[in-house]
Amino acid sequence: MITYKALTIAGSDSGGGAGIQADIKTFQELDVFGMSVITVLTAQNTLGVQGVFPQALEAVEAQMDSVLSDIGADAVKTGMLFTADIIRLVARKLQQHKAQNLVVDPVMYAKGGAQLLQQEAMDALKQTLLPLAKVITPNIPEACAILGIPDIHNATDMRAVAEKLLELGPQYVLLKGGHLSGTQAIDLLVAADGSEAVSFISDRIETPHTHGTGCTLASAITAELAKGRPVNEAVQTAKQFITAAISHSLNIGGGIGPTDHGAYRRARLHVLS
Ligand SMILES: Nc1ncnc2c1ncn2[C@@H]1O[C@H](COP(=O)(O)OP(=O)(O)O)[C@@H](O)[C@H]1O
Ligand SMILES: Cc1ncc(COP(=O)(O)OP(=O)(O)O)c(N)n1
């Protein structure tokens, strides 16, 4: 029986691989009841982003009020928010509704290069949303853009970048290393309470089909936090989830295909049978 509830506040990906669609699939696969607040509609497929249509602030506010005033959420994730006004509104409503276990994925660019956060929204992200987060999950280009520093290119520099991000107020930073080269995909978790940094390492899977990996990882963390798991355990399960999903990624469409959100559950069922 599903008893835990998670909310994603993010953009819709018509192609189904990232955004709200990836988040809801991930929640379901991890046995958490999923709810959504849609901030932006994107016309998107494996070839790229063909259109971005921000929703009216009233629409975003009404969705948040509907869900949080009645059903509530054990954990909340934010993804593509696109404008400074949407970010400020979301931050205000999260505080008003006393949202728990907030995971902020500071989405800025799609893998095809499309901009998913307006340049002028960066200050609102840093000042209003990041300080509310339990965990933030930037990839390396996002982390460096937030800090206003040049991109890093090796895993040894990840620690300093992640620790600098803690100064913006989140309780944990999970810096994702998918954009580095090398035979391993290394993510680094650092905590504001001074506990030991932890690396989460998997073999790097040779595939171009990684559309939606960041959304999927962050929503898996959110699902596990909704169940009351500590952050370290939530990230560990999420890393296993995304590694399984990438291992079975889907060669559909003519560009960067999505991952298989059902792969983790199928692998576990196989082990148990
Ligand atoms: N080729 C790959 N093989 C295995 N894991 C990967 C691969 N690419 C990304 N990952 C993992 O997927 C997750 C998302 O990482 P990343 O690609 O850095 O973020 P984003 O999708 O936000 O750009 C991280 O856990 C990362 O380590
Ligand atoms: C609507 C929407 N939200 C987020 C993203 C970016 O997703 P991400 O998981 O970072 O994956 P890539 O786009 O980088 O493959 C998106 N594309 N669309």
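What counts, and at which threshold
Residues numbered from 1 in each chain as written. Chains lettered and ligands numbered in written order. Predicted model: local features only at pLDDT ≥ 70, side-chain atom pairs only at ≥ 80, totals over all residues. Helix = DSSP H or I, 4+ residues; strand = E, 2+ residues; numbered from the N terminus. Rg over C-alpha atoms; globule rule 2.2 N^0.38 Å. Buried ≥ 20, exposed ≤ 12 C-beta atoms within 10 Å, placed from the backbone. Contact = placed C-beta atoms within 7 Å. Near = placed C-beta within 6 Å. Nonpolar A, V, L, I, M, F, W, Y, C, P; charged D, E, K, R; others polar. Pairing = 2+ DSSP bridges. Axes fitted to C-alpha atoms, helices over the stretch in contact; angles between N-to-C directions. Arc of directions from axis to C-beta. UniProt positions renumbered as here; feature names shortened; annotations may be inferred. Right-handed = clockwise from strand over helix to strand, strands pointing away.

1. Focus on the overall build of the protein chain
Part 1 of the reasoning: Counting secondary structure elements, the protein chain contains 9 helices and 9 strands.
Part 2 of the reasoning: On C-alpha atoms alone, the protein chain measures out to a radius of gyration of 17 Å, which is about the 19 Å that the 2.2 N^0.38 rule sets for 273 residues.
Part 3 of the reasoning: Considering only C-alpha atoms, the protein chain reaches an extent of 45 × 40 × 40 Å along its principal axes.
Part 4 of the reasoning: For the protein chain, the residues scored as buried account for 49% of the 273 residues in total.
Part 5 of the reasoning: Put simply, of all contacts in the protein chain between residues at least 6 apart along the chain, 69% involve residues at least 24 apart.

2. Quick word on the environment of S202
Part 1 of the reasoning: Note on placement: S202 falls in strand β9 (residues 198–203).
Part 2 of the reasoning: On the neighbour-count criterion, S202 (16 C-beta atoms within 10 Å) is partly exposed.
Part 3 of the reasoning: For the pair formed by S202 and T216, sequence separation is 14 residues and the distance between their alpha carbons is 16 Å.
Part 4 of the reasoning: Look past the residues within four positions of S202 in its chain and what remains in contact with it is Q184, A185, K239 and T243.

3. Some details on the site of ligand 2
Part 1 of the reasoning: Close to ligand 2 lie 18 residues, the nearest being G11, A18, G19, A110 and G214.
Part 2 of the reasoning: Of all the elements in the fold, those that place two or more residues in the shell around ligand 2 are β1 (5–13), β2 (33–45) and α7 (213–226).
Part 3 of the reasoning: Grouping the constituent residues of the shell around ligand 2 by class yields 7 nonpolar, 9 polar and 2 charged.

4. Notes on unusual backbone geometry
Part 1 of the reasoning: One non-glycine residue with positive phi stands out, namely F82, at about 70°.
Part 2 of the reasoning: Mapped onto the secondary structure, F82 falls in the loop between β4 (75–78) and α3 (84–96).
Part 3 of the reasoning: Accessibility expressed as a C-beta count within 10 Å gives 22 for F82, which makes it buried.
Part 4 of the reasoning: Non-glycine residue N101 carries a positive phi angle of around 50°.

5. What to know about the sheet that holds β1
Part 1 of the reasoning: Strand order in the open sheet formed by 9 strands is β3-β2-β1-β4-β5-β6-β7-β8-β9, and the pairing between neighbours is mixed. With partners counted over all chains shown, the strands left at the sheet margins are β3 (48–54) and β9, one partner each.
Part 2 of the reasoning: Examined bridge by bridge, strand β8 (residues 184–191) and β9 share 6 bridges and lie antiparallel to one another. If you follow Q184 over to β9, its bridge partner there is D203.
Part 3 of the reasoning: Those strands touched by helix α1 (residues 19–29) are β1, β2 and β4, and its axis lies near 150° from that of β1.

6. A closer look at helix α5 (residues 140–147)
Think of an α-helix as 3.6 residues a turn; residues three or four steps apart then line up on the same face.
Part 1 of the reasoning: Among the residues of α5, I140, E142, A143 and I146 are the ones counted as buried. Seen along its axis, α5 keeps its buried residues to an arc of 165°; they face one direction.
Part 2 of the reasoning: Where the residues of α5 are buried, they touch α4 (122–129), α6 (158–166) and β7 (172–175).
Part 3 of the reasoning: Of the residues one or two after α5, G148 is the one with positive phi, at around 70°.

7. Description of the UniProt feature "domain: Pyridoxamine kinase/Phosphomethylpyrimidine kinase" (unreviewed entry) in the protein chain
Part 1 of the reasoning: Within this numbering scheme, the UniProt entry marks residues 13–260 as carrying the feature "domain: Pyridoxamine kinase/Phosphomethylpyrimidine kinase" (unreviewed entry).
Part 2 of the reasoning: Across residues 13–260, helical content stands at 38% and strand content at 19%; the span's end C-alpha atoms are separated by 15 Å.

8. Details of the site of ligand 1
Part 1 of the reasoning: Around ligand 1, the structure places 18 residues, and the nearest of them are K176, G178, A185, I205 and G214.
Part 2 of the reasoning: Contributing elements (two or more residues each) for the shell around ligand 1: β8, α7 and α8 (231–247).
Part 3 of the reasoning: Considering each element in turn, the shell around ligand 1 owes the most residues, 4 residues, to α8.
Part 4 of the reasoning: Its residues placed into classes, the shell around ligand 1 shows 5 nonpolar, 9 polar and 4 charged.

9. Quick look at the pairing of β3
Part 1 of the reasoning: The sheet contact formed by β2 and β3 spans 6 bridges and is antiparallel. Note on β3: the bridge partner recorded for N45 is G48.
Part 2 of the reasoning: Connecting β2 to the next strand, β3, in antiparallel fashion are 2 residues.

10. Topic: the pairing of β2
Part 1 of the reasoning: For β1 and β2, the ladder comprises 9 bridges, and the chain directions are parallel. Within β2, the residue paired with D13 across the bridge is T42.
Part 2 of the reasoning: Since β1 and β2 lie parallel, the crossover through α1 that links them has a hand, and here it is right-handed.

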